[in-house]
Amino acid sequence: MTGPDEKGTLMRPDTPRLVGDALTLGYDRRTVAEDLTVAVPDGSFTVIIGPNACGKSTLLRALARLLRPARGTVLLDGADIHRRPARQVARTLGLLPQSAVAPDGLTVAELVSRGRYPHQGLLRQWSREDERVVDQAMADTGVVELADRPVDELSGGQRQRVWIAMALAQQTPLLLLDEPTTYLDIAHQVEVLDLCARLHDEQGRTLVAVLHDLHQAARYATHLVAMRGGRVVAAGDPRRIVTTDLVEEVFGLPCRIIEDPETGTPLVLPAVRRSGTDGEPAPTVAGRC
Amino acid sequence: MIVLRLPGGLSLRLRPRALVVGLAGTLLALALAVLAVGAGDYPIAPADVLRVLAGGGSPADRFIVTELRLPRLVTALAVGAALGLAGAVFQSLTRNPLGSPDVLGVTSGAATGALVVVVVGGGSAALAGAAAAGGLATGLLLYALAGRHGVGGHRLVLVGIGVTAILTGVNGWLLTRAPLMDAARAALWLTGSLDGRGWANALPVLGALAVLLPAVLLARAPALRLLEMGDDSAAGLGVPVRRVRVAALGAAVLLVSVAAAAAGPVSFLALTAPHLARRLTRAPGPNLLPSAVVGAALLLAADQLAQHAVAGRQLPVGVVTGVLGGGYLAWLLAGERGGRR
């Protein structure tokens, strides 16, 4: 797999490639977030977490150019993402949306090759480079043996790997994933997240994912963004920012935090609250152990 | 999938099956056309037909072929191709196999335009113009009602069904307002008919096809394919979603409108042709060219049936497309349901 392109080196070194600056986001008249500023550190695996309806998917949609902010700008390589042509953005920033549908009968190889669209033209429909990149993307995601199977016949985990392969074929240094593990069982969740981690570690891509599971977020993220009510409550290395206070503030959940014996990352254990006792939460450990 | 690589970095990707369907359909339609030109009260042998088409033949043959029969045939081919193509675009954009211009109200809008002329009075040119205008106005209305939120598939279909219901009511009211003779003529027009169609009917449809097919539809076909995976996926791949959708919808509405102006609202063709094309090519995606070819061949065949099936009596072609198209579709959908689940 070829790595990210070289545009990053042209930027000022201290400005990340993808930044949301003072964003006001919403749908129609309903405002979801106001004055939201988020920077995605280059080369990070950034994970956005927060309770339902906190605006995390909305933020991802804005960063992906799917939603135009009411105020503020999303800057990709220093330029307003909405003023750049869609196809040009799609060569820098890939997306795995929640709502992807594979048309009936479309095979895995055909779906993955659709990722080449931003690199193709009317008279340049299938170059050798396209072929090589698609083969590599299928190899990287372990779907080569599925190549001729229709996508609609695959299991949920396989299907998600195929969609990730399509996004990889796009060859973008930045990749956004909206709840990539939703509807998957635990083994497939881990499989997808391991794949993401590999793309980050081995290929140097910058990943941004919205996840629901706080434990998985803390385990896989190099940069965690915790949101509540349209605000960023905390952002940074999960080992540093995941505390009982933060979990209480973001999710309203009393908890204990221990060290994940596998990875050393914070592991959040919800406190026991049995009905019938006088409602006092179980003792909590202040701060990270 | 065949890949053609040419010097200079050019490369083309072709599906052999779609190519075969397109070519075979075209040949079939042309062969059928030669036979059809020869058929009638004054039969002409296929060889003589070809001679006339090549510029020769006897004066009588020339007159019958080029003045009497060919215009109707060309109208049938052009209207069929336009409806097949427009139907494929509509089904692709709405991501719904029933999302055809008949269901969405564009055809009813064209009928409303034509009926207004019948009531107010006017010649056949005014009627054709009003039909086209009615179809386009309905397309704009659909976009105004459903377009704000990005013309999502479901919303467009539901709004379209509502618009169709309203227009059906309006059309019924207009029919009751028309003088009796005109109402009979209007009812015939509403069925869809190719009877007495001349070059003046065929040329606008041919013109629309010549401009819209390459400029909008074939150039946008890859983007339309991606749109079938959902707006977000397509946008993520760099498709300017709104622009592609407006262009494709506009082109499809225009094709349906000029087709209705030429032959009336021929029912079920726009719905059936893309289904049949997809069955034949087995290719995902809108199947634009195969749908156009299948539509042309279907309408030509249906018109021949309409002219010759009942001896001594011509049927409007809309009756044939309605009966056959509707029946085929019901059979197809019933079979698919039973087979899949």
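From a predicted model like this one, the values you see are computed outputs, not experimental measurements.

**Describing the overall build of chain B**
A count of helices and strands for chain B gives 14 helices and two strands. The C-alpha atoms of chain B give a radius of gyration of 20 Å, which matches the 20 Å a tight globule of 341 residues would have. Taken along the three principal axes of its C-alpha coordinates, chain B extends 60 × 55 × 40 Å. Counting the 341 residues in chain B, one finds 51% classified as buried. A separation threshold of at least 6 residues defines the contact pool for chain B, and within that pool the share at least 24 residues apart is 72%. Accessible surface for chain B amounts to roughly 14,800 Å². Of this, 69% is attributable to carbon and sulfur atoms.

**Comments concerning the overall build of chain A**
Across its full length, chain A carries nine helices and 12 strands. For the C-alpha atoms alone, the extent of chain A along its principal axes is close to 70 × 40 × 35 Å. The buried share of chain A, reckoned over its 289 residues, is 52%. For chain A, the share of sequence-separated contacts (at least 6 apart) that also reach a separation of at least 24 residues comes to 65%. As displayed, chain A offers around 13,100 Å² of accessible surface, 49% of which is attributable to carbon and sulfur atoms. For chain A, the distance from the average position of its 33 positive side-chain charges to the average position of its 38 negative side-chain charges is 5 Å.

**Quick look at the interface of chain A and chain B**
With 34 residues of chain A in contact, the opposing surface of chain B contributes 28 residues. Of the roughly 2,500 Å² buried at the junction of chain A and chain B (both faces included), carbon and sulfur atoms supply 55%. Per-residue buried area on chain A facing chain B is highest for A:Arg114, A:Tyr117 and A:Trp126; these three make up 25% of the total on that side. Applying the counting criterion to the chain A and chain B interface returns three salt bridges. The salt bridge partner of B:Arg15 is A:Glu110, with a shortest N-O separation of 2.2 Å. One can count 12 residue pairs in polar contact (both at pLDDT 80 or more) joining chain A with chain B. Counting residues per element, the ones that place at least two in the side of chain A that touches chain B are helix 2 (86-89), strand 6 (93-96), helix 3 (108-113), helix 4 (128-140) and helix 5 (156-169) of chain A. By residue number, the principal contributor to the side of chain A that touches chain B is helix 3 of chain A, which donates three residues. Of the residues contributing to the side of chain A that touches chain B, the split by class is 18 nonpolar, seven polar and nine charged.

**Re the environment of B:Arg17**
Residue and element names in this part refer to chain B. Note that Arg-17 resides in helix 1 (residues 16-38). Each C-alpha atom of the pair Arg-17 and Arg-282 lies 7.8 Å from the other, and the pair is 265 residues apart in sequence. Leaving out residues up to four positions away in the same chain, Arg-17 has contacts with Leu-280, Thr-281 and Arg-282. Within polar-contact distance, the side chain of Arg-17 engages the backbone oxygen of Leu-280 at 2.8 Å.

**Side note on the packing of aromatic side chains**
Counted under the stated rule, the structure contains one aromatic pair over all chains. Sitting above the plane of the A:Tyr117 ring, A:Arg87 keeps its charged end 4.5 Å from the centroid. For the cation-ring pair, B:Arg13 lies above A:Trp126, with the distance from its terminal atom to the ring centre recorded as 4.3 Å.

**Quick notes on unusual backbone geometry**
Across residues other than glycine, the phi torsion is negative in most instances, and most of the peptide bonds are trans. Residue and element names in this part refer to chain A. Here Ala-53, not a glycine, exhibits a phi torsion of approximately 65 degrees, which is positive. Within the element layout of this structure, Ala-53 appears in the loop between strand 3 (45-49) and helix 1 (56-63). Judged by relative accessible area, which is 79%, Ala-53 ranks as exposed. A positive phi angle, close to 55 degrees, is found at Gln-171, a residue other than glycine. By the secondary structure assignment, Gln-171 is in the loop between helix 5 and strand 7 (174-178).

**Some thoughts on the environment of A:Arg132**
Residue and element names in this part refer to chain A. Examined against the element boundaries, Arg-132 turns out to sit in helix 4. The class of Arg-132 is partly exposed, set by a relative accessible area of 38%. As a C-alpha pair, Arg-132 and Gly-204 span 72 residues in sequence and 19 Å in three-dimensional space.

**Observations concerning the pairing of strand 8 (residues 206-210) of chain A**
Residue and element names in this part refer to chain A. Here strand 8 lies mainly inside the structure; five of its five residues are buried. Here five bridges tie strand 7 to strand 8, and the two strands are oriented parallel to one another. Each residue of the ladder has a partner; that of Leu-176, found in strand 8, is Val-208. The parallel pair strand 7 and strand 8, bridged by helix 6 (residues 186-203), forms a crossover whose chirality is right-handed.

**Observations regarding the pattern of salt bridges**
Counted according to the given criterion, the structure contains 14 salt bridges over all chains. As a salt-bridge pair, A:Arg83 and A:Asp80 come within 3.5 Å of each other at their nearest N and O atoms. Look at the salt bridges and you will find they share partners, linking B:Arg72, B:Asp195 and B:Asp303 into a network.

**Side note on the side chain of A:Gln160**
Looking at the secondary structure, you find A:Gln160 in helix 5. Residue classification places A:Gln160 among the buried positions, given a relative accessible area of 15%.

**Some details on the nonpolar core**
Of all hydrophobic cores here, the largest spans 130 residues; its most connected members are A:Val108, A:Val112 and B:Leu255. Counting residues per element, this core draws most heavily on helix 3 (residues 59-94) of chain B, which supplies 17 residues. For this core, the domains that each give at least three residues are domain 1 (6-241) and domain 2 (243-289) of chain A. Beyond its immediate stretch of four places on either side in the chain, A:Val112 contacts A:Val134, A:Ala137, A:Met138, A:Val162, A:Ala165, A:Met166 and A:Ala169. Counting residues in each nonpolar core, the second largest holds 27 residues, with A:Val40, A:Cys54, A:Val74 and A:Leu93 among its members.

**Re the confidence of the model for chain A**
Residue and element names in this part refer to chain A. Per-residue confidence for chain A gives a mean pLDDT of 89; residues scoring 70 or more make up 90%. Considering only residues more than four positions removed or in separate chains, one finds that residues 1-11, a stretch of pLDDT under 50, has 23 contacts. This stretch, residues 285-289, has a pLDDT under 50; its non-local contacts, to residues over four places away or in other chains, come to 14 contacts.

Definitions and cut-offs
- Residues numbered from 1 in each chain as written.
- Chains lettered and ligands numbered in written order.
- Predicted model: local features only at pLDDT ≥ 70, side-chain atom pairs only at ≥ 80, totals over all residues.
- Heavy atoms only, no water.
- Helix = DSSP H or I, 4+ residues; strand = E, 2+ residues; numbered from the N terminus.
- Rg over C-alpha atoms; globule rule 2.2 N^0.38 Å.
- Buried < 20%, exposed > 50% of the residue type's maximum accessible area, 1.4 Å probe, protein only.
- Contact = heavy atoms within 4.5 Å.
- Areas by Shrake-Rupley, 256 points an atom, 1.4 Å probe, with all protein chains shown as cover.
- Lys, Arg positive; Asp, Glu negative; His and termini not counted.
- Charge placed at Lys NZ, Arg CZ, Asp CG, Glu CD.
- Buried area = accessible area lost by both parts, 1.4 Å probe.
- Salt bridge = Lys/Arg side-chain N within 4 Å of Asp/Glu carboxyl O.
- Polar contact = N/O pair within 3.5 Å; in protein donor to acceptor, adjacent residues only side chain to side chain.
- Nonpolar A, V, L, I, M, F, W, Y, C, P; charged D, E, K, R; others polar.
- Phe/Tyr/Trp six-rings, centres within 6.5 Å; stacked < 30°, edge-to-face > 60°.
- Lys NZ or Arg CZ within 6 Å of the ring centre and 35° of its normal.
- Pairing = 2+ DSSP bridges.
- Right-handed = clockwise from strand over helix to strand, strands pointing away.
- Core = buried A, V, L, I, M, F, W, Y, C linked by side-chain atoms within 4.5 Å.
- Domains from an automatic or database assignment.
- pLDDT = per-residue confidence, 0-100.

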